[in-house]
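The lines below spell out each chain.
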Amino acid sequence: MLDMTNRPSGLANSPATIASVRDLTVHFPSKRGMVHAVDRVSFEIRDGETLGLVGETGCGKSVTGRSFLQLLPIPPGILAQGTVTFHPHARCGACAGTGCDACNSTGRRPAACPSCTGAGCAQCNGSGAETVELLRLPEDRIRRIRGDRIAMIFQDPGKALNPTLTIGDQLSEVFLQHRTEELLDAAGIGPEDRGLAARLLGRLASQRNGSIDNLLLSLPPLRGKRNLLLDALRNNVAAALAETQIANPYQIIDRYPHELSGGMRQRVMIAQALACNPDLLIADEPTTALDVTVQARILELIKDLQKRRQTSVLYISHDLSLVRRICDRVAVMYAGRVVEIGRTDRIFRNPSHPYTRGLLHAVPTAATKRGQLMAIKGTVPELVDPPPSCRFVGRCPHEKALCRSKNPELAQISDEHSVSCFIHDAAGAADAPSFDEKTQ
Amino acid sequence: MNAMNDVSSKVDRRADDVVLAVRNVKKHYPIREGVFQSVVGHVKAVDGVSFDIRRGETVGLVGESGCGKSTLGRCVSGLSDPTGGGVYFGLSKAEVARLDTLLADGSAAAQAELAQMERRHRIDRLEGAAQRHFRRNCQMVFQDSFASLNPRQLVIDIVGRPLRVYREASGDALTERVVSLLEQVGLGRHHLYRFPHQFSGGQRQRISIARALALDPDLIVLDEPTSALDVSVQAQILNLLYELQRDRGLAYLFVTHDLSVVHHMADRLVTMYLGRVAESGDTNTVFETPQHPYTRALIAAKPDLNDDEGRTMQALEGRVPDPARPPQGCRFHTRCAVATPMCGWEVDDVVRWLESSKGVFDALEGVDRTNAFDAALRFSSEAAARNLASTLRSDAIPAAMQQALEDVTVSGGAVRVRFREVPEVELTERGPGHHAACLINPSHSSSGAN
Ligand SMILES: Nc1ncnc2c1ncn2[C@@H]1O[C@H](COP(=O)(O)OP(=O)(O)OP(=O)(O)O)[C@@H](O)[C@H]1O
Ligand SMILES: Nc1ncnc2c1ncn2[C@@H]1O[C@H](COP(=O)(O)OP(=O)(O)O)[C@@H](O)[C@H]1O
Ligand code: SF4
Ligand code: SF4
Ligand SMILES: [Mg+2]
Ligand SMILES: [Mg+2]
Ligand SMILES: [Zn+2]
Ligand SMILES: [Zn+2]
C-alpha cells in the first residue's frame, strides 16, 4: 500500500484522491414509478489504492462504475444529481517520466490545473490539480478519457468487444493509440521523427476500420519501417494476450470474439484495458468467468500496473474472500446506497452494518451444512419511489420503529470506518436498534 | 396422464441408479483453413472422459477456462453430439456394469446387445417418447444468462415455455406455475411482464434456473450458475438447489470455478485439465488429500474467507497449451512443478521453449517429425543449431526434461532430438472411488498404507 499522506507533488495541495463521487443519484423510469437505482452515493478513490465495491445483485454497483465514463443508458436513465470528479495523471515533471521520489518511481503524477498551473484556483477547488467533472463532460472529451485515462473491464464480455473486428485489430488499436512509444522503439524510429510518427499512428488507430495495412504506413518516416512496425504491433498484442495466460496468442489474434469461450473473451478485454495504461481502472467483476489460477494471475497483472503507473482501481465484485485479499478499502452497497465503507481489515474484523454481517455469513464453506447457509431473508426491495426509511428494513434482524421512519446517514464510527445504521447513529436512544436485540 | 409419464413411471427411482453415465466422451471441433475450408486439425475440447452421475447426487466439475467443461456439459445435456464415446441416461447400477462389460467386449454378440441398449439409453440414439423423456428430464443452466435468454420474450414466456411445449399448463394455471417458480428462485409476480435486459446479471440467472426447474427434471447441468451472483443470493440458490435435490432426488452436474462452492455443494468432484480428467473422488477426500498436482494448484490459488490475512494467492505458472495439440504423456507436464522424466517430454516442449526465446525461434526453419518424441529441427545456420543443442544440455531447461532426452545430435544446420517415448498417463485408483492421473503416487512409496 502506498503512503498517501506526505507525498511531495509540486501542486498547491496534492490531491490524495484520484476521483470522488458526490451524491450520485441515478433514476430509471418504470411503469410503476421511478426506480432509484443509485441514491446519493458518495465515496472517493485514493491515488494508487484499490477500492472494493461489493453488494447484492442490482444494488447499483455497475451503474456507479459506468457513470465514470458516461456509459449509463441515458435516456431512459436520468442523472438526478451528483458529480464525479477526476484528477488525471500526467508525466512527472520532476523526472520526465523516468521515475523519482516525487512520483513514487512511477513517472506519473496528478496533472496540474490548466487555469492556475498548480497554484490553486476556484476551478480546481484550490487543489492545483487538473479537475474534470466526468458526468457532464462533452462527448469528444469523455471519448478521449475513455480507454486512455480511465479504462473499464465490463461484467459482460459479450457486449464489450466489437463482434466485427478480429481480436488482433481491436487490441492493435489500443497499442497504436496508447503504447506508441514502445512501437516506435521497436521499429527503430529516431527522436527527430518521433512526433510526426506518433501522430500518424494515432490517425491509424482512430480509423477503426480494422485494417492497419494502410496508406499512412507508406508515408515517411514510417515508410521502410512498415514491416518492423507491423511485426512489433503483432508481437506486442500477442505478448499482452500471453500475459493473461491465453493459449496460442498468435492464433487468437486472427479470431473473432464469437469464436472464443467466455473466459477467453474476458481475458481479451482485460488485456485491452491493461494495455491502455490507465490512471483509473474500473473493473466490474473482471474475473467472474475465470478459474482461480488465472484469477490470481490477472490480479498480479493489475498489481503490476498499479506499481508501474500508480493506477487506482475500483474493483467491483461479489467475492468477499477475494476483496478481502486485494483491496485497501471496501465500500458495501445495498439498494442503491453505500451502507458501510472503510479499511478492509476493519470491515472484515468488525463488520458493523447488519447487511455486511449477513453477507459474510452467507459465504459457502465446507464447514457449513448443505442447505444451511445463512441467506439474508427476503429479497432486495423494489427501488421504486422508496419511502424515507432504512433500505434494509424488512430483511434486517435488528430493525426498530425508528428504522422505518428515517433514513440513517453514513457516519464515522471509528478511524477509517463509516456505517449508516441507527445501531451506531442513534446508539443509546430509547427506540434505537441494537445488535444484542433480534427482532423477528 | 400422457405417454411421457408412463415412461417415467417405469424408471425405478432407486438411490444407486445412475442417472447418467459418461463413457469415453470425445468432442473434437474441426479447425478449418483456406478458401476451401479444408480441415487442418482438431481442437480436442473433450478427449476421453468417463464418470457417472447417480440419482440425487451432485458432481462438481472444475478446471481452467477452455479445458472443455462447457463442451462436456453440452454433450451431457444432449445439446451437442459427442464425436466419440457415449452418454447414457437412466441406467440402473446393474445395467451400467453390463454396459461397461459390453463396451470392453469386441464380440459380435456383445456389439448387438450394446446396440440394443444404446437405442434405449444412449442420448444421441434415442427416438420418440424416450427422447422426449430425456429432454424434459435433463435441463441446463448456462454461464452467460445474456445469451441464453431471448431478449424479445417476457419473463412469463421464457419460464412458461417448457410448460407450454410439454402441455403441462396453460392460461391462468400456467401463470400461477410461473409465479411459483419465480418465487422459488427469489423473484416474484411483479417480474412476470419484464424483458431480460431490465434485470441485473444476477436476476437474469435466477430466471434461467426457474426455467430449468419448470419440468421437474432428474438432472440439471449447471454451468457456472452462481458465478454472476453475490454471496447472499448465491446462498439462497445453493440452499434452494439443495432442497430441490433432497425433495425430488434431483442430480446436478455442477460446473464451476469457485472451489468454495463445490467444496460446500458437491458429493463428488471431477477436476479436468485440457479435455481429460485429472482427478476424481469424494469431495472431502480430494480437498484433504489431493493426489494430482493440478488439483493442489487449484486449491492454492483459491482465496478463502477463513485464511490468514497475510496468505497470498498462488498463480499457476505458464498457460494452458493448445487443445489442438495436447502434450504427450501427462497433459499437465508443461506446467507441473514436480514433473518427472517419465511425464511425456516431447519435441513440442522444445518448440514451445523456442517460441519464448525469440532470437533462436526466428532461425528455426522447420521441424521434421518422426513422431511426437523424435524430430529433426532445421535452422538457417549451423551456429543456431549448435546454440540450441548446447542449451538443451544446460540447466536453462527443466532437469526432468533434460533427463528424458535420449539423443541430441547436431548435423549441419539441423538438430536431432529424441525423447523417451511414454504412453498417455491413465487414471489410477488412490483410494475407494478416488482416482488421479499422475505418475507420482504417494501411496505406492509408503508401504504401510492398507
Ligand atoms: N437499462 C436499465 N433499465 C432499467 N433499469 C435498469 C437498467 N440498468 C439497470 N437497471 C436497474 O438499476 C439497478 C442497479 O443495476 P446494476 O446493474 O447497477 O446492479 P449491480 O449492482 O451491478 O448488480 P449485479 O451484481 O447483478 O451486476 C437494478 O435495480 C436494475 O434493475
Ligand atoms: N464451436 C466451437 N468451435 C471450435 N472450438 C470450440 C468451440 N466451442 C469451444 N471450442 C474450443 O474448445 C475448448 C473447450 O471450450 P469450453 O468447453 O467452452 O471450455 P470451458 O467451459 O472449460 O471454459 C476451447 O479450446 C474452445 O476454444
Ligand atoms: S438496524 Fe435499522 S438502520 Fe440498521 S440496518 Fe437494520 S433496519 Fe437499517
Ligand atoms: S504425471 Fe504427475 S508429476 Fe508428471 S507432469 Fe503429470 S501431474 Fe506432474
Ligand atoms: Mg453489475
Ligand atoms: Mg465454460
Ligand atoms: Zn518523477
Ligand atoms: Zn486551478
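Everything numeric here is computed off the predicted structure, so don't read it as measured data.

K.L.:
Please set out the overall build of chain B residue by residue, giving values where relevant.
P.N.:
Of the regular secondary structure elements, chain B holds 18 helices and 15 strands. The principal-axis extent of the C-alpha atoms belonging to chain B is close to 85 × 60 × 60 Å. A total of 450 residues make up chain B; the buried ones form 55% of that total. Accessible area of chain B: about 19,400 Å², with a carbon and sulfur share of 49%.

K.L.:
Got a sec to walk through the sheet that holds strand 8 (residues 150-153) of chain A? Specific residues and values, please.
P.N.:
Residues and elements named next belong to chain A. The strand order across the open sheet built from eight strands is 8-9-10-3-11-12-14-13, with neighbouring strands paired in mixed fashion. Looking at the sheet topology across the chains shown, the edges are occupied by strand 8 and strand 13 (411-414). The average undirected angle you get between the axes of adjacent strands in this sheet is 20 degrees. Here four bridges tie strand 8 to strand 9 (residues 280-284), and the two strands are oriented parallel to one another. Bridged to I153 within strand 9 is A283. Helix-sheet contacts for helix 9 (residues 262-275) involve strand 8 and strand 9, and the interaxial angle to strand 8 is about 170 degrees. Running over the sheet, helix 10 (residues 292-309) touches strand 3 (50-55), strand 9 and strand 10 (312-316) and is turned about 155 degrees from strand 10.

K.L.:
Explain the interface of chain B and chain A to me, and be specific about the residues and the numbers.
P.N.:
On the side of chain A, 63 residues touch chain B, which itself brings 63 residues to the contact. Overall, the association of chain B and chain A removes approximately 4,900 Å² of surface from exposure, summing both partners, and the carbon and sulfur fraction of that is 53%. The tally of links between chain B and chain A comes to one salt bridge. We note a salt bridge from R370 of chain A to D267 of chain B, for which the minimum N-O separation is 2.8 Å. Our count for the chain B to chain A interface comes out at nine residue pairs in polar contact (both at pLDDT 80 or more).

K.L.:
Explain empty space enclosed by the protein to me, using residue names and the numbers behind them.
P.N.:
What the rule picks out here adds up to seven cavities of 30 Å³ or more. By volume, the largest cavity amounts to about 320 Å³. Forming the walls of the largest cavity are 26 residues, and the residues nearest its centre are Q295, H318 and D319 of chain A together with H257 and D258 of chain B. Those elements that place two or more of their residues in the lining of the largest cavity are helix 10 and helix 11 (320-326) of chain A together with helix 10 (231-248) and helix 11 (259-265) of chain B. The greatest single-element share of the lining of the largest cavity, amounting to three residues, is contributed by helix 11 of chain A. The residue inventory of the lining of the largest cavity, partitioned by class, reads 11 nonpolar, 11 polar and four charged.

K.L.:
An account of the site of ligand 3 is needed here, citing residue identities and associated values.
P.N.:
By nearness alone, every residue bordering ligand 3 is listed as H353, P354, C390, F392, V393, C396, E399, C403, C421, F422, I423 and P433 of chain A. Residues that form the shell around ligand 3 fall into these classes: 10 nonpolar, one polar and one charged.

K.L.:
Describe in detail the pairing of strand 10 (residues 364-371) of chain B, supporting the description with residues and values.
P.N.:
Residues and elements named next belong to chain B. Inspection of the sheet shows strand 10 paired to strand 11 (residues 374-379) by six bridges, in the antiparallel sense. For N371, the partnering residue across the bridge sits in strand 11 and is D374. Between strand 10 and the antiparallel strand that follows it, strand 11, lie two residues.

K.L.:
Any chance you could break down helix 4 (residues 167-178) of chain A for me, citing the residues and the numbers?
P.N.:
Residues and elements named next belong to chain A. The terminal C-alpha atoms of helix 4, which comprises 12 residues, lie 17 Å apart, in line with the 16 Å expected from a rise of 1.5 Å per residue. Among the 12 residues in helix 4, 10 count as buried, and that is most of the element. All of the buried residues along helix 4 are I167, G168, Q170, L171, S172, E173, V174, F175, L176 and H178.

K.L.:
Now, about the site of ligand 2: what can you tell me, with residues and values included?
P.N.:
As a structural note, the neighbourhood of ligand 2 is formed by 13 residues, with G66, G68, K69, S70 and T71 of chain B the closest of them. More than one chain lines the surroundings of ligand 2; the residues nearby belong to chains A and B. Contacts to ligand 2 include K69 of chain B, whose backbone N or O atom sits 2.8 Å from an oxygen atom. Between ligand 2 and S70 of chain B, the relevant distance is 2.6 Å, taken from an oxygen atom to a side-chain nitrogen or oxygen of the residue. Starting from 570 Å² of accessible surface for ligand 2 in isolation, the protein chains cover 74%. Mapped onto the shell around ligand 2, the elements with two or more residues apiece are strand 2 (38-54) and helix 2 (69-76) of chain B. Here the element with the most residues in the shell around ligand 2 is helix 2 of chain B; it accounts for three residues. Partitioning the shell around ligand 2 into residue classes produces five nonpolar, six polar and two charged.

K.L.:
I'd like to hear about the packing of aromatic side chains, residue by residue, with values.
P.N.:
Any aromatic ring pair is given by two values, namely how distant the centres are and how the planes are angled relative to each other. All names here are of chain A. Scanning the model with the defined rule gives seven aromatic pairs over all chains in all. Summarising the aromatic geometry, the rings of Y334 and F392 are spaced 5.0 Å apart at their centres and angled 80 degrees between planes, so their arrangement reads as edge-to-face. One end of the pair, Y334, is in strand 11 (residues 329-334); the other, F392, is in the loop between helix 13 (354-362) and helix 14 (401-405), with 58 residues separating them in the sequence. Classification of Y334 as buried rests on a relative accessible area of 1%. Stacked on the ring of F435, the Lys or Arg R357 has its end atom at 3.5 Å from the ring centre.

K.L.:
Tell me about the nonpolar core, and name the residues and values.
P.N.:
Counting residues in hydrophobic clusters, the biggest one holds 157 residues, and the most contacted among them are F43, F68 and L241 of chain A. Leaving out residues up to four positions away in the same chain, F68 of chain A has contacts with A19, V21, F43, I45, V84, L134, I142, I150, L280, I282 and L314 of chain A.

K.L.:
Quick rundown of unusual backbone geometry? Include the residues and the values.
P.N.:
All names here are of chain A. Phi at D385 takes a positive value of approximately 35 degrees, unusual for a residue other than glycine. Summarising the element assignment, D385 is placed in the loop between helix 13 and helix 14. For D385, a relative accessible area of 46% corresponds to the partly exposed category.

K.L.:
For the sheet that holds strand 1 (residues 17-30) of chain A, give the residues involved together with the corresponding values.
P.N.:
All names here are of chain A. Spatially, four strands are ordered 2-1-4-7 in an open sheet, and the strand pairing comes out antiparallel. Two strands lie at the open edges of the sheet, namely strand 2 (33-46) and strand 7 (132-133), each paired on one side alone. Pairing of strand 4 (residues 78-86) with strand 7 involves two bridges; the strand directions are antiparallel. The residue of strand 7 that forms the bridge with T85 is E133.

K.L.:
I'd like a rundown of the side chain of R325 of chain A, residues and numbers included.
P.N.:
Looking at the secondary structure, you find R325 of chain A in helix 11. The class of R325 of chain A is buried, set by a relative accessible area of 15%. Ignoring sequence-local partners within four residues, the contact set of R325 of chain A consists of P303, D304, D307, D308, E309, R311, T312 and M313 of chain B.

K.L.:
Describe the pattern of salt bridges, naming the residues involved and giving the relevant values.
P.N.:
Here the structure, examined in full by the defined rule, presents 45 salt bridges over all chains. When the shortest N-O distance is used, the salt bridge between D279 of chain A and R149 of chain A registers 2.8 Å. On the criterion of sequence distance, the pair formed by D279 of chain A in the loop between helix 9 and strand 9 and R149 of chain A in the loop between helix 2 (139-145) and strand 8 is long-range, its members being 130 residues apart. Per residue, the accessibility class of D279 of chain A equals that of R149 of chain A, and both read buried. Between R23 of chain B and D100 of chain B there is a salt bridge; the shortest N-O distance is 2.7 Å. Of the two residues, R23 of chain B is situated in strand 1 (residues 18-33) and D100 of chain B in helix 3 (residues 93-104); the sequence distance between them amounts to 77 residues. Relative accessible area serves as the criterion here: at 12%, R23 of chain B is assigned to the buried category. Judged by relative accessible area, D100 of chain B falls into the partly exposed class, the value being 32%. Bridged by salt links that share partners, the residues D47, R276, R331, E424 and E426 of chain B form one connected network.

K.L.:
Got a sec to walk through helix 13 of chain A? Specific residues and values, please.
P.N.:
The element helix 13 of chain A is largely enclosed, with a buried count of seven among its nine residues. Buried within helix 13 of chain A are the following residues: P354, Y355, T356, G358, L359, L360 and A362 of chain A.

K.L.:
Go over the confidence of the model for chain B with me, naming the residues and quoting the values.
P.N.:
All names here are of chain B. Mean pLDDT for chain B: 87, with 92% of residues reaching 70 or above. Low pLDDT, under 50, characterises residues 1-12; the predicted model gives this stretch nine contacts beyond four residues in sequence or across chains. This model gives residues 446-450 a pLDDT under 50, and the stretch forms one contact once residues within four places in sequence are excluded. The ipTM, which scores confidence in the relative placement of chains, is 0.73 for this predicted complex, and the corresponding pTM is 0.76.

The rules we used
- Residues numbered from 1 in each chain as written.
- Chains lettered and ligands numbered in written order.
- Predicted model: local features only at pLDDT ≥ 70, side-chain atom pairs only at ≥ 80, totals over all residues.
- Heavy atoms only, no water.
- Helix = DSSP H or I, 4+ residues; strand = E, 2+ residues; numbered from the N terminus.
- Buried < 20%, exposed > 50% of the residue type's maximum accessible area, 1.4 Å probe, protein only.
- Areas by Shrake-Rupley, 256 points an atom, 1.4 Å probe, with all protein chains shown as cover.
- Pairing = 2+ DSSP bridges.
- Axes fitted to C-alpha atoms, helices over the stretch in contact; angles between N-to-C directions.
- Contact = heavy atoms within 4.5 Å.
- Buried area = accessible area lost by both parts, 1.4 Å probe.
- Salt bridge = Lys/Arg side-chain N within 4 Å of Asp/Glu carboxyl O.
- Polar contact = N/O pair within 3.5 Å; in protein donor to acceptor, adjacent residues only side chain to side chain.
- 1 Å grid on protein atoms, 1.4 Å probe; cavity = no way out; pocket = protein on both sides within 12 Å on 5 of 7 lines; lining within 4 Å.
- Points joined across faces, edges and corners; volume = space filled by probe spheres on them.
- Nonpolar A, V, L, I, M, F, W, Y, C, P; charged D, E, K, R; others polar.
- Near = heavy atom within 4 Å.
- Expected span 1.5 Å × (residues − 1).
- Phe/Tyr/Trp six-rings, centres within 6.5 Å; stacked < 30°, edge-to-face > 60°.
- Lys NZ or Arg CZ within 6 Å of the ring centre and 35° of its normal.
- Core = buried A, V, L, I, M, F, W, Y, C linked by side-chain atoms within 4.5 Å.
- pLDDT = per-residue confidence, 0-100.

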